[in-house]
Amino acid sequence: MRDPIVVTGLGAVSPLGAGVATNWKRLVAGQSGIRTNTRFDAEGWKCRVAGLVPSIAEDPEGFDPETAMDSKELRRNDLFIQYAMAAALEALQQAAWLPDSADERARTATIIATGVGGVPAITAASEVVRTSGVRRLSPFVVPSFLPNLAAGQVSIRFGFNGPAGSPTTACAASAQAIGDAMRLIRSGEADIALCGGAEACVDPVAIGGFTAAKALTFNFNDAPQRASRPFDNNHDGFVLSEGAAMLVIERLSHAKQRGAHPLAVISGYGTTTDAHHVTAGWPDGREAARAMQIALSMAGIGSDQVSYVNAHATSTPVGDAAELAALRTLFGADVDRVPVGSTKSATGHMLGAAGAIEAVFSVLAIQNQLLPPSLNIEAVMPEAEGFDLLSDGARASDVEHVLSNAFGFGGVNAALVFSRHR
């Protein structure tokens, strides 16, 4: 690729803390962001754990909303938008992209995904209608929960007039946001893009709904940090989590022209649809494998050149098994050669922000030549036998190409490839 698309900025807010440096430090140290759910009174609930972003009052490296928005804006925007703004600001500052030029702003895309948008705001508004009547609703209710308003508020804040979008393809959403941004740059519609995802739906409706769907873990309520356990035989569901992650991406020539430092190359993207089932992919992972192959083909590499797989693996028995089947299809007899991990073991499942936070971790693995650990793999599930799972802590490694997967309800599959910039 003569003029590849490179990553020049990263931003993150997750259950591990606020800021990219904090997230990476805690991730590679084997820390977990999963804890008892205190967002609402979950006493007596089947699932009582969640991946909550720590506040600055709880953790000196936690989230301080006033660094992202003023008090008036905070009251008018649901939590997922607040997280998005904080992650966007960090990514843009690292990339040194806060343009004053009208032309530069017109050539900047803003693609920020979410799985469900402002569910807590909707839940609260419904309660206002029930208890106080419809006339008590704020005029800011609807803009506070619309899925596209993370992208909308960010573009307004920074004056970005280029294309904007908000994929809502469930847990594949932010991987698709990155892929969509990549396409906009490749097609010439934008020179640079802020892309990623945000989610903040740890509330009774989401927890209750996912519990009813038998998707959430409930066997580790008394040991929250052990609850997210992809590839472990005792996994019983995912941990619902929240946060946001952003990347700034642009052509290498554009980055060089303005003196920006490339962190990695985003070299491949593939997406497919299972057309099979609302909540479960094909058991053999056929369309997931095809998405990965499309991404590798775009990157111009073979499966034998993949250095690390940051798996989607959420800790559900059906989903983990299907992804492992897809990886067997992709790597064949070489499954023992490629290290496979799931950073969701530390963060839980951030739904529409999951693909973006894992993209951030993929870039950091390349930058640091270090593979983050997978926590809580104590008894390997049968389908994972033979794989090189990262269950023994962080591992120094020669990381050239990273494959990062994201799959969502509705049968959406997305795969990204990040490569070392030389």
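Conventions adopted
Residues numbered from 1 in each chain as written. Predicted model: local features only at pLDDT ≥ 70, side-chain atom pairs only at ≥ 80, totals over all residues. Heavy atoms only, no water. Helix = DSSP H or I, 4+ residues; strand = E, 2+ residues; numbered from the N terminus. Buried < 20%, exposed > 50% of the residue type's maximum accessible area, 1.4 Å probe, protein only. Contact = heavy atoms within 4.5 Å. Areas by Shrake-Rupley, 256 points an atom, 1.4 Å probe, with all protein chains shown as cover. Lys, Arg positive; Asp, Glu negative; His and termini not counted. Charge placed at Lys NZ, Arg CZ, Asp CG, Glu CD. Polar contact = N/O pair within 3.5 Å; in protein donor to acceptor, adjacent residues only side chain to side chain. Core = buried A, V, L, I, M, F, W, Y, C linked by side-chain atoms within 4.5 Å. Salt bridge = Lys/Arg side-chain N within 4 Å of Asp/Glu carboxyl O. Phe/Tyr/Trp six-rings, centres within 6.5 Å; stacked < 30°, edge-to-face > 60°. Lys NZ or Arg CZ within 6 Å of the ring centre and 35° of its normal.

K.L.:
When you look at the overall build of the protein in this model, what are you seeing that I'm missing?
P.N.:
Tallying secondary structure elements over the protein gives 14 helices and 16 strands in all. Projecting the C-alpha coordinates of the protein onto the three principal axes gives extents of approximately 65 × 55 × 40 Å. The buried share of the protein, taken over its 422 residues, is 59%. Excluding contacts between residues fewer than 6 apart, the proportion of contacts in the protein whose partners are at least 24 apart in sequence is 79%. Of the roughly 15,800 Å² of accessible surface on the protein, a fraction of 51% belongs to carbon and sulfur atoms. For the protein, the distance from the average site of its 32 positive side-chain charges to the average site of its 42 negative ones is 4 Å.

K.L.:
Is there a simple way to think about the side chain of Ser-174 in this case?
P.N.:
For Ser-174, the position within the fold is in helix α8 (residues 173-187). The exposure class assigned to Ser-174 is buried, which follows from its relative accessible area of 0%. Looking at Ser-174, its side chain comes within polar contact range of the main-chain nitrogen of Gly-355, at 3.2 Å. Setting aside chain neighbours within four positions, we find Ser-174 in contact with Ala-113, Gly-196, Gly-197, Gly-352, Ala-353, Ala-354, Gly-355 and Ala-356.

K.L.:
How do you make sense of the environment of Leu-351 when you look at a structure like this?
P.N.:
In this structure, Leu-351 sits in the loop between α13 (344-347) and α14 (354-368). For Leu-351, a relative accessible area of 3% puts it in the buried group. Along the backbone, Leu-351 and Asp-78 are 273 residues apart, and their C-alpha atoms lie at a distance of 16 Å. Setting aside its immediate chain neighbours within four residues, Leu-351 contacts Ala-170, Cys-171, Glu-199, Cys-201, Phe-210, Phe-238 and Leu-240.

K.L.:
How should the nonpolar core be read in this particular structure?
P.N.:
One recurring pattern in soluble globular proteins is that nonpolar side chains are buried together. Within the largest apolar cluster, 53 residues are counted, with the highest numbers of intra-cluster contacts made by Val-7, Leu-10, Leu-247, Ile-249, Ile-266 and Phe-418. It is α14 that contributes the most residues to this core, nine residues altogether. If near-sequence neighbours (up to four positions away) are discounted, Ile-249 is found in contact with Ile-5, Val-6, Val-7, Ile-178, Ala-181, Met-182, Ile-185, Ile-192, Ala-193, Cys-195 and Ile-266. Within the second largest apolar cluster, 33 residues are counted, among which are Val-13, Ala-68, Ile-81 and Ile-192.

K.L.:
Any chance you could explain the pattern of salt bridges here in plain terms?
P.N.:
Proximity of charged atoms lets side chains of opposite charge pair with each other. Per the counting criterion, the structure on display carries 19 salt bridges. Measuring nitrogen to oxygen at the nearest pair gives 2.8 Å for the salt bridge that ties Asp-388 to Arg-395. Judged by relative accessible area, Asp-388 falls into the buried class, the value being 19%. Residue Arg-420 is joined to Asp-398 by a salt bridge in which the shortest nitrogen-to-oxygen separation is 2.4 Å.

K.L.:
What's the story with the environment of Pro-143 in this structure? I'm lost.
P.N.:
Looking at the element boundaries, Pro-143 is found in helix α6 (residues 141-145). Here the alpha-carbon distance between Pro-143 and Ala-322, two residues 179 residues apart in the chain, equals 38 Å. Setting aside residues no more than four positions away along its own chain, Pro-143 makes contact with Ile-81 and Leu-149.

K.L.:
Quick question: what am I supposed to make of helix α1 (residues 20-28) here?
P.N.:
For an α-helix the count is 3.6 residues per turn, leaving residues at separations of three or four pointing the same way. For α1, the set of buried residues is Val-20, Thr-22, Asn-23, Trp-24, Arg-26 and Leu-27. In the core, the buried residues of α1 are packed alongside β1 (5-14), β2 (17-18), α3 (79-95), α13, α14 and β12 (370-371). At the exit of α1 stands Gly-30, carrying a positive phi of roughly 80 degrees.

K.L.:
Would you explain the packing of aromatic side chains in this entry?
P.N.:
A ring pair, where both rings are aromatic, is described by two values, the distance of the centres and the angle of the planes. A complete count under the given rule lists five aromatic pairs for this structure. Judged by centre distance (5.0 Å) and plane angle (75 degrees), the rings of Phe-63 and Tyr-83 are edge-to-face. Of this pair, Phe-63 sits in the loop between β4 (49-50) and α2 (71-76) while Tyr-83 sits in helix α3; the two residues are 20 residues apart in sequence, bridging distant segments of the chain. Ring geometry for Phe-210 versus Phe-238: centroids 5.3 Å apart, planes at 75 degrees, classification edge-to-face. Residue Phe-210 is located in helix α9 (residues 204-212), and its partner Phe-238 is located in the loop between α9 and β8 (243-251); the two are separated by 28 residues in the primary sequence. A single burial state applies to Phe-210 and to Phe-238, both of which are buried. Every member of this aromatic cluster is reached through a ring pair, and the members are Phe-210, Phe-238 and Phe-409. The ring of Phe-218 carries Lys-46 above its face, with NZ or CZ at 4.3 Å from the centroid. The ring centre of Trp-282 lies 3.7 Å from the NZ or CZ of Arg-286, which sits over that ring.

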